[in-house]
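Single-letter residue listing:
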Amino acid sequence: MEQEFGKPSVVVYNTVIDSLCKDGLFVDALNIFSEMIRQGIVPNIVTYNSLIHGACKIGQWKEARRLLKEMTGQNISPNVITFNV
């Protein structure tokens, strides 16, 4: 797909990650997140908000906290959506 359409953008990855998280497929979303990082795509606040929401949805509180720490470690500040997850 990459050869035909070019490298997926952060928006494409965010859309897939958010959809997976909303469907309760958090592990799959984390796998896509890892692929995103390997491809050199830098996650943004939307990426982390989706993952944090996905973790909370399935009761993975420690993972949600880890993602929040990772996000702030990347100098991405939480926003109102982050705090309302």
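To be clear, the structure that these remarks concern was listed above.
**Q** Pulling in residues and values, what's your account of the pattern of salt bridges?
**A** Scanning all chains against the criterion turns up three salt bridges. The salt bridge partner of D18 is K22, with a shortest N-O separation of 3.0 Å. Of this pair, D18 and K22 both sit in helix α2 (residues 10–22), four residues apart, roughly one helical turn. The class of D18 is partly exposed, set by a relative accessible area of 23%. Measuring nitrogen to oxygen at the nearest pair gives 2.7 Å for the salt bridge that ties E70 to R66. Of this pair, E70 and R66 both sit in helix α5 (residues 61–73), separated by four residues, roughly a single helical turn. Residue classification places E70 among the partly exposed residues on the basis of a relative accessible area of 24%. Salt bridges here are not isolated pairs; linked through shared partners, they connect E63, R66 and E70.

What counts as what
- Residues numbered from 1 in each chain as written.
- Predicted model: local features only at pLDDT ≥ 70, side-chain atom pairs only at ≥ 80, totals over all residues.
- Heavy atoms only, no water.
- Salt bridge = Lys/Arg side-chain N within 4 Å of Asp/Glu carboxyl O.
- Helix = DSSP H or I, 4+ residues; strand = E, 2+ residues; numbered from the N terminus.
- Buried < 20%, exposed > 50% of the residue type's maximum accessible area, 1.4 Å probe, protein only.

Honestly, it's all geometry; don't read function into it.
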